Amino acid sequence: MNWEVLNGNLRVLSECVIGRFITNACIKFLSCLHCYNLSGQTCTVKALSAVIGKCKHLSRIEVLQCDDSMCYLLQQVQNPSKCSVTIGASCDNVGAYLTSPGAVQLASLLPRFDHVASLDLDLRDCCAEALDTLVASITHKTLEKLILKETILTPAATKALGRSLPEMLSLQVLELTGVDGSILQAEDMEALFGGLNKTMPLCALGILYFRAKGFLAPLFRSFRFFPNLRQLNLISVGLDENDLRGLFKSFPFIPNLQSLDLSGNYLGHA
């Protein structure tokens, strides 16, 4: 049984509808739950959490445009090893906006789930320590989409993500977006992409708003493992002449490339 939860309707009807769901015997057969635009500042999350606690056969939970309260929902899943998690299924909307406490809590919950299909996270208000903790927990081989927005990737985070990426053999979308002034040094790029050694199904790759001028060679070398890459976005990364030369030389490895966005780079006449 599928149940789509819309925040506006559920907030109004939560007492009369969710109460019946909790006492209704059919709730135990609920298998798929879609949550949209939930916030911890509404009564919806508590009511919905009570429902999830009754679902013994929940096999998929999808959330879109949620906040830290999403973690409270995930905490109620009875059989997390048998439940697939998708945070951000749409390309147009962020999956979840997390603060530092939310990021740390999500990091503690992710290892409970064997199947995580998508993580689309806005981390603009996460401190470096919380982000490091979260990134270290993202190790699922089942991931098909990984989008980390407004992040400051520390050396610890780049090393942790670099260790996990080679095992994410289902990954199709990878996007890392920094905040204005974020810098990725040569050792960070090497840590992120230098350890790749297996072909991956990646079709969309984006590095946005990280200053990595002159340090993109490890990324370009990794293209040989992305033969299906169709979309490449290198926006405001400070491309220099050597970076451009390396990018052009790597094109034979990505013959299926259809979209290339280099906006925000001062390329000059070259």
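For the structure, see preceding data.
Nothing here was measured: the structure is a model prediction, and the numbers come from that model. (Residues numbered from 1 in each chain as written. Predicted model: local features only at pLDDT ≥ 70, side-chain atom pairs only at ≥ 80, totals over all residues. Heavy atoms only, no water.)

Considering the packing of helix α5 (residues 128–137) against helix α6 (residues 155–164)
- Where α5 meets α6, the axes come as close as 8 Å, and the angle between the chain directions of the two elements is 5°. When the axis of α5 is compared with that of α6, the two are roughly parallel. In this structure, α5 contributes Leu131, Asp132, Val135 and Ala136 to the contact, and α6 contributes Ala156, Ala157, Ala160 and Leu161.
- Taken together, the residues of the contact of α5 with α6 sort by class into seven nonpolar, no polar and one charged. (Axes fitted to C-alpha atoms, helices over the stretch in contact; angles between N-to-C directions. Helix = DSSP H or I, 4+ residues; strand = E, 2+ residues; numbered from the N terminus. Parallel < 35°, antiparallel > 145°, perpendicular 65-115°, else oblique. Contact = heavy atoms within 4.5 Å. Nonpolar A, V, L, I, M, F, W, Y, C, P; charged D, E, K, R; others polar.)

Some remarks on the pairing of strand β10 (residues 231–235)
- Within β10, four of the five residues are buried, leaving the element largely enclosed by the surrounding structure.
- Alignment of strand β9 (residues 204–211) against β10, held across five bridges, turns out to be parallel. By the bridge assignment, Ala204 is partnered in β10 with Gln231.
- Between the parallel pair β9 and β10, the chain is carried across by helix α8 (residues 217–222), and the sense of this crossover is right-handed.
- Across three bridges, β10 lies against strand β11 (residues 259–261) in parallel orientation. Within β11, the residue paired with Leu232 across the bridge is Leu260.
- In this view, the connection linking β10 to its parallel neighbour β11 by way of helix α9 (residues 241–250) has right-handed handedness. (Buried < 20%, exposed > 50% of the residue type's maximum accessible area, 1.4 Å probe, protein only. Pairing = 2+ DSSP bridges. Right-handed = clockwise from strand over helix to strand, strands pointing away.)

A look at the packing of aromatic side chains
- Tallied over the entire structure, the rule returns three aromatic pairs.
- Ring geometry for Phe248 and Phe251: centres 5.8 Å apart, planes at 55°, overall tilted.
- Taking the relative accessible area as the measure of exposure, Phe248 reaches 46% and is therefore partly exposed. (Phe/Tyr/Trp six-rings, centres within 6.5 Å; stacked < 30°, edge-to-face > 60°.)

Some details on unusual backbone geometry
- Of note in the backbone geometry, Gln65 takes a positive phi value of approximately 55° without being a glycine.
- Position of Gln65 among the secondary structure elements: in the loop between β3 (60–64) and α3 (69–75).
- Among the residues examined, Gln65 registers a relative accessible area of 25% and is labelled partly exposed.
- Here the phi dihedral of Glu150 falls at roughly 55°; this positive angle occurs in a residue that is not glycine.
- Within the fold, Glu150 resides in strand β7 (residues 145–151).

Here's the deal with the pattern of salt bridges
- Evaluated as defined, the whole model comprises six salt bridges.
- In this structure, Glu62 engages Arg60 in a salt bridge whose closest nitrogen and oxygen atoms are separated by 2.8 Å.
- As a salt-bridge pair, Glu167 and Lys198 come within 3.5 Å of each other at their nearest N and O atoms. A residue pair is termed long-range when its members are at least 10 positions apart, and Glu167 in the loop between α6 and β8 (173–183) and Lys198 in the loop between α7 (186–193) and β9 qualify at 31 residues. (Salt bridge = Lys/Arg side-chain N within 4 Å of Asp/Glu carboxyl O.)

Digging into the side chain of Thr177
- Within the secondary structure layout, Thr177 lies in strand β8.
- A distance of 3.4 Å separates polar atoms of two side chains, one belonging to Thr177 and the other to Glu175.
- Not counting residues up to four positions away in its chain, the partners in contact with Thr177 are Leu148, Lys149, Glu150, Thr151, Leu208, Tyr209 and Phe210. (Polar contact = N/O pair within 3.5 Å; in protein donor to acceptor, adjacent residues only side chain to side chain.)

Observations regarding the packing of helix α4 (residues 100–109) against α5
- The interhelical angle for the contact between α4 and α5, taken along N-to-C directions, is 25°, at an axis separation of 8 Å. As judged from the angle between their axes, α4 and α5 are roughly parallel. In the packing of α4 onto α5, the handedness of the crossing is left-handed. Residues Ser100, Ala103, Val104, Leu106 and Ala107 of α4 touch α5, and the partners they reach there are Ala130, Thr133, Leu134 and Ser137.
- Residues that form the contact of α4 with α5 fall into these classes: six nonpolar, three polar and no charged. (Left-handed = near helix turned anticlockwise from the far one by under 90°.)

So, α6
- Along α6, the residues classified as buried are Ala157, Thr158, Ala160, Leu161, Gly162 and Ser164.
- Of the surrounding secondary structure, the elements contacted by the buried residues of α6 are α5, β7, β8 and α7.

Focus: the environment of Pro255
- Here Pro255 lies in the loop between α9 and β11.
- Taking the relative accessible area as the measure of exposure, Pro255 reaches 61% and is therefore exposed.
- Measuring from C-alpha to C-alpha, the distance between Pro255 and Phe226 comes to 9.7 Å, with 29 residues separating the pair along the chain.

Points about the environment of Ile183
- Structurally, Ile183 is set in strand β8.
- On the basis of relative accessibility, which here comes to 48%, the residue Ile183 falls in the partly exposed class.
- Along the chain, Ile183 and Ala212 lie 29 residues apart, while their C-alpha atoms are 6.1 Å from each other.
- Sequence-distant contacts of Ile183, that is, excluding residues within four places in its chain, are made with Asp188 and Arg211.

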